[in-house]
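If you want the building blocks of each chain, they are given just below.
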Amino acid sequence: MSRPLTIAIDGPAAAGKGTLAKRIAARYGLPYLDTGLLYRAVGKLAFDAGVDLDDAARATDIAKRLEFSHLDDPALRGHEAGEHASRVAVHPGVRAALVDFQRSFAGQHAGAVLDGRDIGTVIWPQARVKIFVTASAEVRARRRTDELLAKGRAVDYDRILAEVKARDERDAGRTVAPLKAADDAHLLDTSELDIDGAFRAACEAIERSLA
Ligand code: CDP
């Protein structure tokens, strides 16, 4: 039997990983996990409970008790939830508590698509295909601003750009599982690509890996 098709998609905030990962999963008929939702759920539960997000012990406790039904909450998709996620995601205990769930998803016989920050480096280094999606901070901030404006939120591009840069620094600078491309990842810079262009480039990279 051939190895299951497991595709790891990593990259910084607002690079377009989620949209791309969903389309790839649909194209190849694979189950999909947005691992950011796990960190978002821990961040939101901690924040709602009034826990200091820098308190590693309490955040870890929440991660250990996370129920996967929590992932359906639409509020997890919001901008603030992303910021809270990135703060709790620096704690090694939080990351450790979420590893087993991600690995059992990645290890399905049917194969899987997972997107996140450390899928190709830590969670599933044996993935058959790894794609690292990037775009300049300015392009990502523009996309995030437009997304929020479309939802009717009053937002300021310069503030979002500062947040994107701060989030990059926090995600890439943490000691455990920092954001970085695996040595064997295909680099996909979407700065000049729309979603159809990014999808085509990703499918070409997948086909090359499978050939
Ligand atoms: O795409 P966006 O960055 O807005 O959101 P996300 O992928 O849901 O990730 C939110 C935050 O969760 C990131 O900034 C990371 O700090 C953290 N995260 C992580 O550390 N590891 C993952 N596998 C996924 C998310």
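Residues numbered from 1 in each chain as written. Predicted model: local features only at pLDDT ≥ 70, side-chain atom pairs only at ≥ 80, totals over all residues. Heavy atoms only, no water.

> How do you make sense of the domain arrangement of the chain when you look at a structure like this?
When the parts come together, some accessible area is lost, and that loss is often what is quoted as the size of the interface. Examined at the domain level, the chain breaks down into domain 1 (1-28 + 114-211) and domain 2 (32-107). The distance between the C-alpha centroids of domain 1 and domain 2 comes to 19 Å. Contacts between the two partners involve 25 residues from domain 1, matched on the other side by 22 residues from domain 2. Contact between domain 1 and domain 2 buries roughly 2,000 Å² in total, counting both sides, with carbon and sulfur atoms accounting for 53%. Together, Leu-114, Ile-123 and Arg-170 form the three largest contributors to the area buried by domain 1 at its contact with domain 2, with a combined 27%. The tally of links between domain 1 and domain 2 comes to three salt bridges. Residues Arg-95 and Asp-118 are paired through a salt bridge, measuring 3.0 Å at the closest nitrogen-oxygen approach. At the boundary of domain 1 with domain 2, the tally comes to 10 residue pairs in polar contact (both at pLDDT 80 or more). Where the side of domain 1 that touches domain 2 is concerned, the elements lending two or more residues are α1 (17-28), β3 (112-116), α6 (119-123), α7 (137-150) and α8 (157-173). With five residues, the single largest contributor to the side of domain 1 that touches domain 2 is α8. (Domains from an automatic or database assignment. Contact = heavy atoms within 4.5 Å. Buried area = accessible area lost by both parts, 1.4 Å probe. Salt bridge = Lys/Arg side-chain N within 4 Å of Asp/Glu carboxyl O. Polar contact = N/O pair within 3.5 Å; in protein donor to acceptor, adjacent residues only side chain to side chain. Helix = DSSP H or I, 4+ residues; strand = E, 2+ residues; numbered from the N terminus.)

> How should I be thinking about the packing of aromatic side chains in this particular structure?
Between two aromatic rings, the relevant description is the distance of the centres plus the angle of the planes. The final tally for this structure, using the stated rule, is one aromatic pair. When the centroid spacing of 3.9 Å and the interplanar angle of 5° are considered together, the rings of Phe-68 and Phe-101 count as stacked. Of this pair, Phe-68 sits in the loop between α3 (56-64) and α4 (79-88) while Phe-101 sits in helix α5 (residues 92-106), and the two are 33 residues apart along the sequence. Between the NZ or CZ atom of Arg-23 and the centre of the ring of Phe-199, over which it lies, the distance is 4.4 Å. Between Arg-27 and the ring centre of Tyr-28, over which it is positioned, the NZ or CZ distance is 4.7 Å. (Phe/Tyr/Trp six-rings, centres within 6.5 Å; stacked < 30°, edge-to-face > 60°. Lys NZ or Arg CZ within 6 Å of the ring centre and 35° of its normal.)

> Where do I start with helix α2 (residues 36-48) in this structure?
For an α-helix, 3.6 residues make a turn, and residues three or four places apart therefore share a direction. Here α2 spans 18 Å end to end across 13 residues, near enough to the 18 Å set by a 1.5 Å rise per residue. Among the residues of α2, Leu-37, Leu-38, Tyr-39, Arg-40, Ala-41, Val-42, Gly-43 and Ala-46 are the ones counted as buried. Looking at the packing, one finds that the buried side of α2 touches β2 (32-34), α3, α4 and α5. Residue Gly-50 follows α2 closely and has a positive phi angle near 75°. (Expected span 1.5 Å × (residues − 1). Buried < 20%, exposed > 50% of the residue type's maximum accessible area, 1.4 Å probe, protein only.)

> Mind showing me how you'd approach empty space enclosed by the protein here?
Unoccupied space between atoms shows up once a probe the size of one water molecule is rolled over them. What the rule picks out here adds up to one cavity of 30 Å³ or more. Taken as a whole, the largest cavity encloses approximately 30 Å³ of empty space. Lining the largest cavity are Ala-13, His-79, Glu-83, Arg-144, Glu-163, Val-164 and Arg-167. Of all the elements in the fold, those that place two or more residues in the lining of the largest cavity are α4 and α8. (1 Å grid on protein atoms, 1.4 Å probe; cavity = no way out; pocket = protein on both sides within 12 Å on 5 of 7 lines; lining within 4 Å. Points joined across faces, edges and corners; volume = space filled by probe spheres on them.)

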